[in-house]
Each structure stands twice: as C-alpha cells, then as structure tokens.
Amino acid sequence: MSIWSQLGLQEGTSVLGVEVHGLYDYSMFIIVLVFSFVVYFLLKILCQKLTSRVYLDSQWLEVLWTVMPFWLLLALGLPSIKLLYLMDEVSLPEASIKVVGHQWYWSYEYSDVRGSSYSYDSYMVPDSAMEEGYRLLEVDNRCVVPTLLTIRGLITSDDVIHSWAIPSSAIKADGVPGRINQVRLCFLRSGVFYGQCSELCGVNHSFMPICVESVSVEVYSSWIVDSHNDVLKGVGGRPESWTWWGLLVAAVKGVGKGLYWFGWMYGMFLYYLFYYSFYVPGKFIVVSSLGFVQWVIWSSVAVVDWLVWFSDSPMEAVWYAVCAFAGHAWGVVVLFVTSPVVAVGRVIKGLCGVVVSFVCFSYYVVEAVLSSLSSFTGDSFQEFVVDNVRWNTKKFLWILSNRYKGG
Ligand SMILES: [Cu+2]
C-alpha cells in the first residue's frame, strides 16, 4: 500500500505490477530528460543577448526537431501499448474467483471447487470497531488468493458500476452490471494488498475498500476445501460422497482422456518438429541453393573454357571477351530502345525486391528492439515466476485430488 510522502509507484506484487513499475521508471527517465532539455534552452534563450534575432530558418534543425520527438514518442508509446495488451491476458487459470460489487461492499464467490458455491461479503471495518490495521482500508472478510498460482478474477456488479483495483499488482477492472470482466490474479509473494473502489458509485464509494490476502497454496487449498465442505454439510449433502465404482469409472475415463490427449499432443509435437526442423529449412535451402549452384557450375565451366582458349591464343580470347561485354551492354541499350516497357518493368521489379528486403529487415529490427524494450524484468526473475507457478499448480492439483478422495 501507499505510505505518506511516497514518491513513485508502489512496489509491484505481481509480474505485471513489476513491469508497470519498470515502465514508470523508464518513462520518467525520458520525461525528465526532455524536461531538462526544454528548461535548459528556455533559460539559455532568456539569458542571451539576442544574437540570433536574424536567424530565419534551418532545414536540418526542422528535420531534427520533427524526427527526435517522433522517436521519443515511439519509445514511450510502444512498451506501454504492449503492457496494455498483456494486462488482458489470463493464461490458463487454475480456479476462478467471482468478485461482485454492491453499494457499498464487495462479495467474493468461490464456485469451481467441489461443485458448491462458497461466497461471503466483505465490508470495511468502521473506525469504531477498528483494533488494528489501516483505517478505511481494512475489511472484515478479505479476498483470499493463493501465492504464485494463476487465478482468474471475474468482476461484475449487482447495481451500479464499480471498479475493483489493486494498484500494487496493476489490476483495475470495472464491475459493470450484466457484464463480466476478467483479470489475472497471480501474486508474487504472501501478504495483504490493498485497493479501493475506483469508479464513483455513490455516497459510500470511499468506504468499500478491497483487501486481498495472498497465502501459500497449501493454506489456500485447505481453506477452500474446508469452506466448501461446510457449505455442503449445511445443505445436507455429503462432502465425501463417492463410491468405489464411481471412482473406477472416473479413473478409466480419466486415463482414456489422458491417453487421447497425450497421443494427440505427441502427434502434433512430431508434426511441428518435422515441419519446422526439416521441411521448412530443407525447402528453403533446396529452392534457394538450386539456382545458385546452377549459376556457379555454368559460370565455372565458361571461365575454365575461356582460360583454356586464352592459353591457346590469348589475343583472340581477349578480343572475344571485350566483344561479349560490349554485346551485353549493347543488348541492354537495344532493350531500352526497342521495348522500353519491358526494360522499365525489369528495373522496377529489381527496385521492388530491394525495397521489400529493406522493409522486412527494418521490421525485424524494430520487433527485436520492441521485445527488449517492453520487458522491464530480467530473465532470472521470469524463470523464477514460471518455475514457481508450475510447481504450485502441481501442488494445488495434488492437494485437491487428495482431498477429493476424502483423505
Ligand atoms: Cu465505488
């Protein structure tokens, strides 16, 4: 959360939070640079003795102050757009949490584990009941999420438009009645993270804070299964209602499905492996080298032929070579004179080839610069996140399956 006299953003608590923090620092660097530049010249102009009052125009200066801002704006805009699109990406979540905004409290619903629906309301703790925690930010029931596990947040509203926001993890999504917005909840560490409703929703808009508690996967899975068990017991159901026969059928079905998917994935893997490792490069090499090899062979034969001739009768061979070159040059002139359309067509074709290669090359360079620009986190950090999310996912599914068995 923010503290008094804090400059800059809160420390990131999700990958996107860290990325947004990086983007902020990066943008501030450019902005401060531009600002200092402008202030320097402003002062310089104010303090000078009008030595340039007859300076009328300068082409290169015009070009410079058009091109430089263009590149600066591109450097600011492109990484920002890339992050904006990444924010909408919810990749393969393990579970969903439904967040519903009300006037003026939030409610959280966990309904994709055990087939039951476990939900509760989250009200702000009023000053009179406050014992510890932060004023106007603490709630009676926090939204519980697992650490380093991908969870999907589904955000909607029951009455007017609200907005569910956690600044430190770069989450902000409007809760619109009749619509569902989704965000990715993947916190980097355990802790309590605060936010506030960010869409004016009525008189108590300032008093419906968001408080997320991120706990380890073990704690989360036990908590969610226990809560669902309580719900199921409450409605008279048996939480561990399973039979050996049902388990056997499910196991056979599961194994069948697994085999099918495994076979399919393996088939696709082999197909793409072959296609991209052998077929595409092979085709490229054969097609591109065939013409070249042909040209090299014919040219070598012609050169050797000519050398043999040269050793026999040098004058004749040299005279022939000169005539051949002159003939070629004459041929080009004749082509331009007799059929100018064909000649111009060939020239345009050649020029188009050059332009296309240049555009492709520039595109790849820009692409490389972009991908290096828009990531403000290092490789080791990304590896850490990916490894931990993968490990936590396994752990989560393993704990859940054990609990389903009634263990
Ligand atoms: Cu609000």
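Computed from a prediction, not measured in an experiment: that's the story for all the values here. (Residues numbered from 1 in each chain as written. Predicted model: local features only at pLDDT ≥ 70, side-chain atom pairs only at ≥ 80, totals over all residues. Heavy atoms only, no water.)

J.: Residues and numbers for the pattern of salt bridges, please.
T.: Evaluation of the coordinates by the stated rule reveals 6 salt bridges. Between Arg390 and Asp387 there is a salt bridge whose closest N-O contact spans 3.7 Å. Of this pair, Arg390 and Asp387 are both found in helix α7 (residues 379-404), 3 residues apart, which corresponds to roughly one turn of the helix. Residue classification places Asp387 among the partly exposed residues on the basis of a relative accessible area of 42%. Three or more residues joined by partner-sharing salt bridges are found here, namely Glu138, Arg142 and Glu213. (Salt bridge = Lys/Arg side-chain N within 4 Å of Asp/Glu carboxyl O. Helix = DSSP H or I, 4+ residues; strand = E, 2+ residues; numbered from the N terminus. Buried < 20%, exposed > 50% of the residue type's maximum accessible area, 1.4 Å probe, protein only.)

J.: Explain the domain arrangement of the protein residue by residue, including any values.
T.: According to the domain assignment, the protein contains domain 1 (15-87) and domain 2 (95-234). Centre-to-centre, using C-alpha coordinates, domain 1 lies 40 Å away from domain 2. Opposite the 6 residues of domain 1 that make contact, domain 2 presents 5 residues. Around 360 Å² of area is buried between domain 1 and domain 2 when both sides are counted, 68% of it from carbon and sulfur atoms. Taken together, the links from domain 1 to domain 2 amount to 0 residue pairs in polar contact (both at pLDDT 80 or more). (Domains from an automatic or database assignment. Contact = heavy atoms within 4.5 Å. Buried area = accessible area lost by both parts, 1.4 Å probe. Polar contact = N/O pair within 3.5 Å; in protein donor to acceptor, adjacent residues only side chain to side chain.)

J.: An account of the sheet that holds strand β1 (residues 95-102) is needed here, citing residue identities and associated values.
T.: Taken in spatial order, the 5 strands of this open sheet run β3-β2-β1-β5-β8, and their pairing is mixed. Single-partner strands in this sheet number two, and they are β3 (118-122) and β8 (181-185). Going across the sheet, the axis of each strand differs from the next one's by a mean of 25°, ignoring polarity. As paired elements, strand β2 (residues 105-110) and β3 share 5 bridges and run antiparallel to each other. Of the residues in β3, the one forming a bridge with Tyr108 is Tyr120. (Pairing = 2+ DSSP bridges. Axes fitted to C-alpha atoms, helices over the stretch in contact; angles between N-to-C directions.)

J.: Report on the pairing of strand β5 (residues 151-157), specifying residues and quantitative values.
T.: Here β5 lies mainly inside the structure; 6 of its 7 residues are buried. Two elements, β1 and β5, share 7 bridges in a ladder whose sense is parallel. In the strand pairing of β5, Val100 is matched with Thr156. Where β5 and β8 come together, 5 bridges link them in antiparallel fashion. Bridging across to β8, Gly153 finds its partner in Val183.

J.: Residues and numbers for helix α4 (residues 244-312), please.
T.: The terminal C-alpha atoms of α4 lie 98 Å apart, and with 69 residues this matches the ideal 102 Å at 1.5 Å per residue to within 8%. Of all the bends in α4, the greatest measures close to 35° and is centred on Tyr275. (Expected span 1.5 Å × (residues − 1). Bend = angle between axes of the 7 residues up to and from the residue.)

J.: Describe the coordination of the copper ion, naming the residues involved and giving the relevant values.
T.: Protein coordination at the copper ion comes from Cys197 (SG), Glu199 (O), Cys201 (SG) and His205 (ND1), with a distance range of 2.0 to 2.6 Å. Considering all 4 donor atoms around the copper ion, the spread of angles at the metal, 86 to 130°, places the coordination shape in the tetrahedral class. (Donors = N, O, S within 2.8 Å, 3.2 Å for Na, K, Ca; no water. Tetrahedral: all angles 85-135°; square planar, octahedral: opposite > 155°, others 65-115°.)

J.: So what's going on with the packing of aromatic side chains? Residues and values would help.
T.: In this structure the tally under the stated criterion is 30 aromatic pairs. Residues Tyr105 and Tyr123 carry aromatic rings whose centres are separated by 4.5 Å and whose planes lie at 25° to one another, so their mutual orientation is stacked. Note that Tyr105 is positioned in strand β2 and Tyr123 in the loop between β3 and β4 (143-146), a separation of 18 residues in sequence. For Tyr123, a relative accessible area of 38% gives the class partly exposed. (Phe/Tyr/Trp six-rings, centres within 6.5 Å; stacked < 30°, edge-to-face > 60°.)

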